[in-house]
Amino acid sequence: MDMSEDDIAEKKYRSMLPGILGTVDTWISKAEAFILATGVILMAINTVANVIGRFVFGESLHFSEEVNRMLIVLVTFAGIGYAARHGRHIRMSAIYDALPAGGRRALMIFISLFTATVMFVLCYFSIGYIDTIMSRGRSLPSTGIPAWWMYVWVPVGFAITGIQYVLTAITNLVSKDVYLSTHVVDGYKDTETEV
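Residues numbered from 1 in each chain as written. Predicted model: local features only at pLDDT ≥ 70, side-chain atom pairs only at ≥ 80, totals over all residues. Heavy atoms only, no water.

### Let's talk about the overall build of the chain
Looking only at helices and strands, the chain features 6 helices and 0 strands. When the elements of the chain are put in sequence order from the N terminus, they spell out α-α-α-α-α-α. Per-residue burial over the chain gives 36% buried out of 195 residues. For the chain, contacts bridging at least 24 residues in sequence account for 69% of all contacts bridging at least 6. (Helix = DSSP H or I, 4+ residues; strand = E, 2+ residues; numbered from the N terminus. Buried < 20%, exposed > 50% of the residue type's maximum accessible area, 1.4 Å probe, protein only. Contact = heavy atoms within 4.5 Å.)

Written out as structure tokens, the structure is:
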């Protein structure tokens, strides 16, 4: 199986940020990649085991739905930081694209800092939500796991994404190029194909 340029770049990711910021960024990137890969593999194994149990043995795994729900939350909120790190977030860029490089850089710094603020605010409120769930003492019916464990990844994902956007703003402040993330330079690939 051939790997694309993007896959190779992501596998060999090393932050271009200086000093401790680069070390933290690289470490978080490796942790995110591991969490995402493990979460998706575990979801697949759990789903296949449940299907085999249902059709071969006539009995579903009673905990399968809860485990997959926990893994979906994990993958979703670990994935938002990963998407921000690799410049794969959704952008509406009609005005942004019309600006000169200096204007795009200034706008990207503003967008990054604004998005980081939103992520940190959502992190704060998600911690409050987890605290509420903890105080109620609810647990998941099939596994008996405290319900709040399922949501621990929500504030972690928001915090990591907020940090990633702050790092993107810093990268744009110290660089002459415009960066979508700490290592993705703004621009479009030529995707035109010959007929």
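### Topic: the UniProt feature "transmembrane region" (unreviewed entry) in the chain
If you check UniProt for "transmembrane region" (unreviewed entry), the listed places come out as residues 33-57, 69-85, 106-127 and 147-167 in our numbering. For residues 33-57, the helix share is 96%, the strand share is 0%, and the end-to-end C-alpha distance is 35 Å. The distance separating the terminal C-alpha atoms of residues 106-127 is 32 Å; by composition the span is 100% helix and 0% strand. (UniProt positions renumbered as here; feature names shortened; annotations may be inferred.)

### Examining helix 2 (residues 19-56)
Along its 38 residues, helix 2 runs 55 Å from first to last C-alpha, staying within 8% of the 56 Å computed at 1.5 Å per residue. Just downstream of helix 2, G58 is the residue with a positive phi angle, here 70°. (Expected span 1.5 Å × (residues − 1).)

### Remarks on the environment of I28
Relative to the helices and strands, I28 is located in helix 2. Setting aside anything within four residues of it in sequence, one finds I28 in contact with R85 and I160.

### Structural notes on the nonpolar core
If you look at the biggest cluster of nonpolar residues, it comprises 11 residues: M70, V73, F77, M119, C123, I133, L140, A147, M150, V154 and F158. The set of elements that each furnish at least two residues to this core consists of helix 3 (64-85), helix 5 (101-136) and helix 6 (153-174). Core analysis: the second largest hydrophobic core is formed by 8 residues, I35, V75, A78 and Y82 among them. (Core = buried A, V, L, I, M, F, W, Y, C linked by side-chain atoms within 4.5 Å.)

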